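# Structural characterization, general
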Amino acid sequence: MHPLKKILLYLQAVFYLGAGANHFIHPDFYLAMMPPYLPWPSALQLTAGACEMAFGAMLLFPRTRVLAAWGLIALLIAVFPANLNLALHPELMPGVSPVSQWVRLPFQLLFLAWAYLFTRTGRPTDRSVTP
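Residues numbered from 1 in each chain as written. Predicted model: local features only at pLDDT ≥ 70, side-chain atom pairs only at ≥ 80, totals over all residues. Heavy atoms only, no water.

### Side note on helix 3 (residues 41-58)
Helix length check: helix 3 (18 residues) gives 25 Å between terminal C-alpha atoms against 26 Å at 1.5 Å per residue, within 8%. Among the residues of helix 3, those classed as buried are Q45, A48, G49, E52, F55 and G56. One side of helix 3 carries all its buried residues, which in axial view fall inside an arc of 140°. For helix 3, the elements touching its buried residues are helix 1 (3-25), helix 2 (27-33) and helix 4 (62-88). (Helix = DSSP H or I, 4+ residues; strand = E, 2+ residues; numbered from the N terminus. Expected span 1.5 Å × (residues − 1). Buried < 20%, exposed > 50% of the residue type's maximum accessible area, 1.4 Å probe, protein only. Arc of directions from axis to C-beta. Contact = heavy atoms within 4.5 Å.)

In structure tokens, the structure reads:
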């Protein structure tokens, strides 16, 4: 693995392990973001945190890395409504700049691309043609 990609891998793992743990340390922050139409907000935010931690840890192992990357992509898509809800309703977090909530949304694309980097095993495929 290229050294830069390895650094990105470890950074991503640490990022998701920390973000996932934060769901358990500061649950009210995440609960405030939840759209009102979603059932069981507490269970959903705890599940998101557990998934972030699990997928972050799974990134560190070659056997589970691809599954973890696809899991993170699915998770990022699943939590996007909460991020959008926060941008549309900045009053949910009065101490946070409304502009920062909108700026945060495009970063989801960056996070998706970052996870996508690890959806391949890195093994070269045999593209030779046998007569």
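### What to know about the environment of Q108
By the secondary structure assignment, Q108 is in helix 5 (residues 98-116). Separated by 28 residues in sequence, Q108 and F80 have C-alpha atoms that sit 7.7 Å apart. Discounting residues that sit within four places of it in the chain, Q108 has contacts with L76, F80 and N83.

### Description of a nonpolar patch on the surface
Together, Y10, L17, F24, L46, M53, L60 and F61 give the surface a local cluster of nonpolar side chains, amounting to about 600 Å² of exposed area. Of all elements in the fold, only helix 1 and helix 3 reach the threshold of two or more residues within the nonpolar patch. Along the chain, M53 turns up in helix 3. (Patch = residues over 30% accessible without salt bridge, like charges linked within 9 Å, V, L, I, M, F, W, Y side chains within 5 Å. Areas by Shrake-Rupley, 256 points an atom, 1.4 Å probe, with all protein chains shown as cover. Salt bridge = Lys/Arg side-chain N within 4 Å of Asp/Glu carboxyl O.)

### Thoughts on the confidence of the model for the chain
Per-residue confidence for the chain gives a mean pLDDT of 90; residues scoring 70 or more make up 92%. Of all helices and strands in the chain, the one with the weakest mean pLDDT is helix 2 (91), whereas helix 3 scores best (97). Below a pLDDT of 50 lies the segment residues 125-130, which in the model reaches zero contacts outside its immediate sequence neighbourhood of four places, other chains included. (pLDDT = per-residue confidence, 0-100.)

### A closer look at the packing of helix 4 against helix 5
Two quantities define a packed helix pair, namely the angle between the axes and the distance from one axis to the other. Relative to each other, helix 4 and helix 5 sit at 175°, their axes nearing to 10 Å. When the axis of helix 4 is compared with that of helix 5, the two are roughly antiparallel. Residue-level inspection shows A69, W70, L72, I73, L76, I77, F80, N83, L84, L86, A87 and L88 of helix 4 in contact with helix 5, the latter providing Q101, W102, R104, L105, Q108, F111, L112, A115 and Y116. In the contact of helix 4 with helix 5, the residues fall into 17 nonpolar, three polar and one charged. (Axes fitted to C-alpha atoms, helices over the stretch in contact; angles between N-to-C directions. Parallel < 35°, antiparallel > 145°, perpendicular 65-115°, else oblique. Nonpolar A, V, L, I, M, F, W, Y, C, P; charged D, E, K, R; others polar.)

### Focus: the nonpolar core
The biggest cluster of nonpolar side chains holds 14 residues, and the ones touching the most others in it are Y16, L59, L72, F111 and F118. Going through the elements one at a time, helix 1, helix 4 and helix 5 are the ones with two or more residues in this core. Here this core takes five residues from helix 4, the largest share from any one element. When sequence neighbours within four positions are dropped, the list of residues in contact with L59 reads L9, Q12, A13, R65, A68, A69, L72 and F118. Among the nonpolar cores identified, the runner-up in size contains five residues, and Y30, M33, A82 and L86 belong to it. (Core = buried A, V, L, I, M, F, W, Y, C linked by side-chain atoms within 4.5 Å.)

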